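Structural overview
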Amino acid sequence: MGAENGASNELPVHKVYLNSFYIDKTEVTNAMYKLCVDTRVCSLPSNEEFYRKAHYIDYPVVYVSWHDAKKYCEWAGQRLPTEAEWEKAARGTDGRTYPWGNGIDCRKANYGACFGSMRSVGFYTDVPSPYGALDMVGNAWEWVSDWYGELYYANSPYENPQGPIDGE
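My aim in this report is to walk through the structure given alongside it, one point at a time. (Residues numbered from 1 in each chain as written. Predicted model: local features only at pLDDT ≥ 70, side-chain atom pairs only at ≥ 80, totals over all residues. Heavy atoms only, no water.)

**Quick notes on the packing of aromatic side chains**
Per the counting criterion, the structure on display carries 8 aromatic pairs. With a centroid separation of 6.2 Å and an interplanar angle of 70°, the aromatic rings of Tyr98 and Tyr111 are classed as edge-to-face. Here Tyr98, found in the loop between helix 3 (83-91) and helix 4 (152-155), pairs with Tyr111, found in the loop between helix 3 and helix 4; they are 13 residues apart in sequence, far enough to count as distant. Classification of Tyr98 by relative accessible area gives buried; the value is 14%. Here the aromatic residues Tyr33, Tyr51, Tyr72 and Trp75 are joined through ring pairs into a cluster of three or more. (Phe/Tyr/Trp six-rings, centres within 6.5 Å; stacked < 30°, edge-to-face > 60°. Helix = DSSP H or I, 4+ residues; strand = E, 2+ residues; numbered from the N terminus. Buried < 20%, exposed > 50% of the residue type's maximum accessible area, 1.4 Å probe, protein only.)

**Quick look at helix 2 (residues 66-75)**
Of the residues making up helix 2, those classed as buried are Asp68, Ala69, Tyr72 and Cys73. Looking down the long axis of helix 2, one finds its buried residues gathered within 140° of arc, a one-sided arrangement. Following helix 2 by one or two positions, Gly77 has its phi on the positive side, about 75°. (Arc of directions from axis to C-beta.)

**Considering the state of the cysteines**
A complete count under the given rule lists 2 disulfides for this structure. Residue pairing for Cys36: its cysteine sulfur links by disulfide to Cys42, the two sulfurs lying 2.1 Å apart. One quick way to see it: the torsion about the S-S bond of Cys36 and Cys42 is about 70°, and its sign makes the bridge right-handed. Residue Cys36 is classed as buried on the basis of its relative accessible area, which comes to 0%. Between Cys106 and Cys114 runs a disulfide, and the two sulfur atoms are separated by 2.0 Å. Judged by the torsion about the S-S bond (-70°), the Cys106/Cys114 disulfide is left-handed. For the protein chain, numbering the cysteines in disulfides from first to last along the sequence yields the connectivity 1-2, 3-4. Left without a disulfide partner, Cys73 is nearest to the cysteine sulfur of Cys42, which lies 8.8 Å away. We classify Cys73 as buried; its relative accessible area is 11%. (Disulfide = S-S within 2.5 Å.)

**Quick look at helix 3**
Where helix 3 is concerned, the buried positions are Ala84, Glu85, Glu87, Ala89, Ala90 and Arg91. Residues of helix 3 that are buried sit in contact with helix 4. Positive phi appears at Gly92, one or two residues downstream of helix 3, with a value of about 80°. (Contact = heavy atoms within 4.5 Å.)

**Some words on unusual backbone geometry**
With an omega of -5°, the peptide bond between Leu11 and Pro12 qualifies as cis. Along the chain, Pro12 turns up in the segment before helix 1 (30-38). Located in the positive-phi region is Asp135, a residue other than glycine, with phi close to 60°. Tracing the chain through its elements places Asp135 in the loop between helix 3 and helix 4.

**Examining the pattern of salt bridges**
A full pass over the atoms with the stated rule returns 9 salt bridges. Close ionic contact of Arg91 with Glu87 constitutes a salt bridge, the shortest N to O distance being 2.3 Å. Taken together, the residues span about one helical turn, with Arg91 and Glu87 both in helix 3 at a distance of 4 residues. The same class applies to Arg91 and to Glu87, which are both buried. Here Arg96 and Asp94 are joined by a salt bridge, their closest N and O atoms 2.8 Å apart. Given the relative accessible area of 52%, Asp94 is considered exposed. One network of salt bridges, in which partners are shared, links Asp105, Arg107 and Lys108. (Salt bridge = Lys/Arg side-chain N within 4 Å of Asp/Glu carboxyl O.)

And the structure:
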């Protein structure tokens, strides 16, 4: 976990052990999230600009709170991944920075200087993570179960880190 050239909250780079886990192949789409809203378990996104337009049905749901992301996962019989699980699913175990290796590549991600408009889920099918997950870089921010703690990486346990007990 971590990044050698990252921010101080991504240091130190360190190895962790994780029990087996599952992670969805793609981000949750507006269509998938709508099923949860229709059951009145999940709330509408705080900004419905993308959610309400038919063109965006296969785009990632955005403008949902952490609480609604958690509710959606529970409704779907799943859970939010920990940060450690998300990072492993995105990067693999060989120390790469991105699913495809090191160095940003505008042909492989909708990210930073490469950012255009949001893309549909699974747009970059030719660059799956080492575990087959898509869209792990850019396009939409993704929630994890952990609290945020600026110094957590320096003190996190080796086995199945769950994030700090409290934080932001």
